[in-house]
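What follows is each chain in one-letter form.
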Amino acid sequence: QVRLVESGGGLVQPGGSLRLSCTASGIIFMVNNMAWYRQAPGEERELVATIGSSTGTSHYANSVKGRFTISRDNPKNTVYLQMSRMIPEDTAVYYCNADLMRARYGRLEDYWGQGTQVTVSS
């Protein structure tokens, strides 16, 4: 059974910083792309940032460019999202996503974490 478990959410003041972590656990052969999404109340889930496995190439939503940084620790199957200069519009439930293979000759499968609440408010 593969699980993605997020941590690090909470309440932060505007202009503040927060760091999210997400670790994939279970029987895993290889983790490919990892990403963070978020969903605000009444809104659709949106992509925040992605990061590749080998090159570490990252992409960001325009709304977070220059403020958020995605990174990963491959041996730990962990992805991070460092959020800085946060604004109230960043308030949402943040979800971790990973494409991974559970076996050497298996197929890529898509997994999601349970989500962690991030609230930006004074």
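Notes on the structure in this doc start here. (Residues numbered from 1 in each chain as written. Predicted model: local features only at pLDDT ≥ 70, side-chain atom pairs only at ≥ 80, totals over all residues. Heavy atoms only, no water.)

Things to note about the overall build of the chain
- The secondary structure content of the chain amounts to zero helices and 11 strands.
- Taking 14 Å as the expected radius of gyration for a compact globule of 122 residues, we find that the chain reaches 14 Å, a close match to that expectation.
- Counting only C-alpha atoms, the chain reaches 50 × 25 × 25 Å along its principal axes.
- Looking at the chain as a whole, 43% of its 122 residues are labelled buried.
- Of the contacts formed within the chain by residues at least 6 apart in sequence, a portion of 55% connects residues at least 24 apart.
- Accessible area for the chain stands at about 6700 Å²; split by element, carbon and sulfur atoms hold 48% of it.
- Within the chain, the 10 negative side-chain charges are centred at a point lying 8 Å from the centre of the 12 positive side-chain charges. (Helix = DSSP H or I, 4+ residues; strand = E, 2+ residues; numbered from the N terminus. Rg over C-alpha atoms; globule rule 2.2 N^0.38 Å. Buried < 20%, exposed > 50% of the residue type's maximum accessible area, 1.4 Å probe, protein only. Contact = heavy atoms within 4.5 Å. Areas by Shrake-Rupley, 256 points an atom, 1.4 Å probe, with all protein chains shown as cover. Lys, Arg positive; Asp, Glu negative; His and termini not counted. Charge placed at Lys NZ, Arg CZ, Asp CG, Glu CD.)

Some details on the environment of Ile 27
- With respect to the helices and strands, the residue Ile 27 is situated in the loop between strand E3 (18–25) and strand E4 (30–39).
- Measuring from C-alpha to C-alpha, the distance between Ile 27 and Val 5 comes to 15 Å, with 22 residues separating the pair along the chain.
- Those residues in contact with Ile 27 that sit more than four places away from it in its chain are Val 2 and Arg 102.

Quick word on the side chain of Glu 6
- One can find Glu 6 in strand E1 (residues 3–7).
- Here Glu 6 sits buried without a salt bridge, and the closest side chain of opposite charge, Arg 45, lies 7.7 Å off (N-O distance).
- Look past the residues within four positions of Glu 6 in its chain and what remains in contact with it is Ser 21, Cys 22, Trp 36, Tyr 94, Tyr 95, Cys 96, Gly 113, Gln 114, Gly 115 and Thr 116. (Salt bridge = Lys/Arg side-chain N within 4 Å of Asp/Glu carboxyl O.)

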